[in-house]
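So the chains spell out like this:
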Amino acid sequence: MGAGGRMSVRPETKTPDSPVLKRVPYSKPPFALGQVKKAVPPHCFQRSVLHSFSYVIYDLAIATIFYYIATNYIHLLPHPFPYLAWPVYWFAQGCVLTGVWVIAHECGHHAFSDYQWLDDTVGLILHSSLLVPYFSWKYSHRRHHSNTGSLDRDEVFVPKKKSNISWFSKYLNNPPGRVITLAVTLLLGWPLYLAFNVSGRPYDRFACHYDPYGPIYSDRERLQILISDAGVLAVTYGLFRLAAAKGLAWVFCVYGGPLLVVNGFLVLITFLQHTHPSLPHYDSSEWDWFRGVLATVDRDYGFLNKVFHNITDTHVAHHLFSTMPHYHAMEATKAIKPVLGDYYQFDGTSVFKAMWRETKECIYVDQDEGEKDKGVFWYKNKFE
């Protein structure tokens, strides 16, 4: 899936736990955000309604073609080929719909157009169609961007310190355990995060993306959380009526299968962007926003980079300038690399290899021996 590449890191620094993967710089960078922004051509920050809608139309057109082919031709194939064709459709349609998810993500960042009402309208429709509570996610994701790399305040894929890992973690630190971990994470990770805040920031009471009165949201956000819930309920009701008319198996084959692929890719993309043996995390004594956003890594998904609108290989630029539209992110990434130097991270390891390696290497975070007074934590996997 990946197309190969290298880590842009200091060549002589290695982690204690791994002789291969090199750590990234974690000291305060010798440049300011303004210097990075100045390197980006000004037009990269310009949003175009027509340009943005062209991607919506294109993705939905491809999704419609895949739907037409699947519903009109798969059942005509001789047995047992339909059982092979449906998974192919699920993967292909799921990839395209992941692109649709990314466009709604752009709306949540006000990167779709210059009009907030238009961004929210498009985002609500697209995300609701994929059973995502748009405003609920928008606000929690905004806090993720405000607190990236913080062990105390980040919102998603917050690593556990060694002292806080579950008792059964060491029993999953083997090949069968990693297969189970990956299967559960990719299949159930997204709905568990939305419903129960699994892998999210700990709160002092139950947190849920569907609860307008939960601790994730402020009073001024609660009405929009209800609107998000209404959007998801409306689509759910539509699916219920469709199942009554067409059958549950038909709904799963046409919609449910691709949705599982979308959810899996969403979790995988986010996991690999923020989980790497060379990336630091910081506690409150050390964290600052600039170093936090630089503790992310761009990945290579091969041809799927384009399908996913380059959210995979321009993530560093996205965290630095989240209102920048995706169609300028590649140009911006090339522009900021010389300024960031070793602070820019890219790993071209194949996605399959990377997710296995990160599941193996990144079990908890801890400070290095002799540096317990520093608030810098690194991924580790050793159980004494």
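Residues numbered from 1 in each chain as written. Predicted model: local features only at pLDDT ≥ 70, side-chain atom pairs only at ≥ 80, totals over all residues. Heavy atoms only, no water.

Our working rule: UniProt positions are given in the numbering used here, feature names are shortened, and annotations may be inferred rather than shown by experiment.
Per an unreviewed UniProt entry, the protein goes by Omega-6 fatty acid desaturase and derives from Paeonia ludlowii. Taken verbatim from the UniProt record of the protein, the Subcellular location (unreviewed entry) comment is "Membrane". Recorded in UniProt for the protein, the comment headed Sequence similarities (unreviewed entry) runs: "Belongs to the fatty acid desaturase type 1 family."

## Describing the overall build of the protein
Keep this limit in mind: Each helix is a run of H or I in the DSSP string that is no shorter than four residues. Each strand is a run of E no shorter than two, and both are numbered from the N terminus. Based on C-alpha atoms, the radius of gyration is set beside the globule rule, defined as 2.2 Å times the residue count to the power 0.38. With a 1.4 Å probe rolled over the protein chains alone, any residue whose accessible area is under 20% of its type maximum counts as buried; one over 50% counts as exposed, and the rest are partly exposed. It only takes one pair of heavy atoms within 4.5 Å for two residues to be counted as in contact.
Counting its regular elements, the protein contains 13 helices and 5 strands. Relative to its length of 384 residues, the protein is compact, with a C-alpha radius of gyration of 21 Å against a globular reference of 21 Å. Going through the 384 residues of the protein one by one, you find that 53% of them count as buried. Considering only contacts in the protein between residues 6 or more positions apart, those separated by 24 or more positions represent 71%.

## Re the pattern of salt bridges
What counts, and what does not: Salt bridge, as used here, is a side-chain nitrogen of Lys or Arg placed within 4 Å of a carboxyl oxygen of Asp or Glu.
This structure, assessed with the given rule, holds 14 salt bridges. Arg142 serves as the salt-bridge partner of Glu221, at 2.9 Å between the closest nitrogen and oxygen. Here Glu221, found in the loop between α6 (175-196) and α7 (222-246), pairs with Arg142, found in helix α5 (residues 134-146); they are 79 residues apart in sequence, far enough to count as distant. The partly exposed category is assigned to Arg142, whose relative accessible area is 36%. Between Asp368 and Lys380 there is a salt bridge whose closest N-O contact spans 2.9 Å. Of the two residues, Asp368 is situated in the loop between β4 (364-366) and β5 (376-380) and Lys380 in strand β5; the sequence distance between them amounts to 12 residues. Relative accessible area serves as the criterion here: at 11%, Asp368 is assigned to the buried category. You can call Lys380 buried: its relative accessible area is 10%. Taken together, the shared-partner salt bridges in this structure form one network comprising Arg299, Asp347, Arg357 and Glu358.

## With respect to the sheet that holds β4
For clarity, the threshold we go by: We call two strands paired when DSSP finds no fewer than two bridges between them. Axis lines are fitted to C-alpha atoms, over the contacting stretch for helices. Their N-to-C directions set the angle, which ranges from 0 to 180 degrees.
Pairing is antiparallel in the open sheet, where 3 strands are placed in the order β1-β5-β4. With partners counted over all chains shown, the strands left at the sheet margins are β1 (280-282) and β4, one partner each. On average, adjacent strands in this sheet sit at an angle of 40° to one another, irrespective of strand direction. Taken together, the 3 bridges between β1 and β5 define a ladder with antiparallel strand orientation. Its bridge partner being in β5, Tyr282 is matched across the sheet by Val376.

## As for the nonpolar core
Stated precisely, the cut-off is as follows: Nine residue types can take part in a nonpolar core, namely buried Ala, Val, Leu, Ile, Met, Phe, Trp, Tyr and Cys, and a core is a set of them joined through side-chain atoms within 4.5 Å.
Ranked by internal contacts, the top residues of the largest apolar core, which has 53 residues, are Trp101, Trp190, Phe265, Leu272, Tyr301 and Phe308. Of all the secondary structure elements, the ones that give two or more residues to this core are α2 (49-73), α3 (81-108), α4 (116-129), α5, α6, α7, α8 (248-274) and α13 (351-361). At 12 residues, the largest contribution of residues to this core is made by α8. Counting 18 residues, the second-largest nonpolar core is a separate cluster that includes Val40, Leu294, Tyr343 and Phe346.

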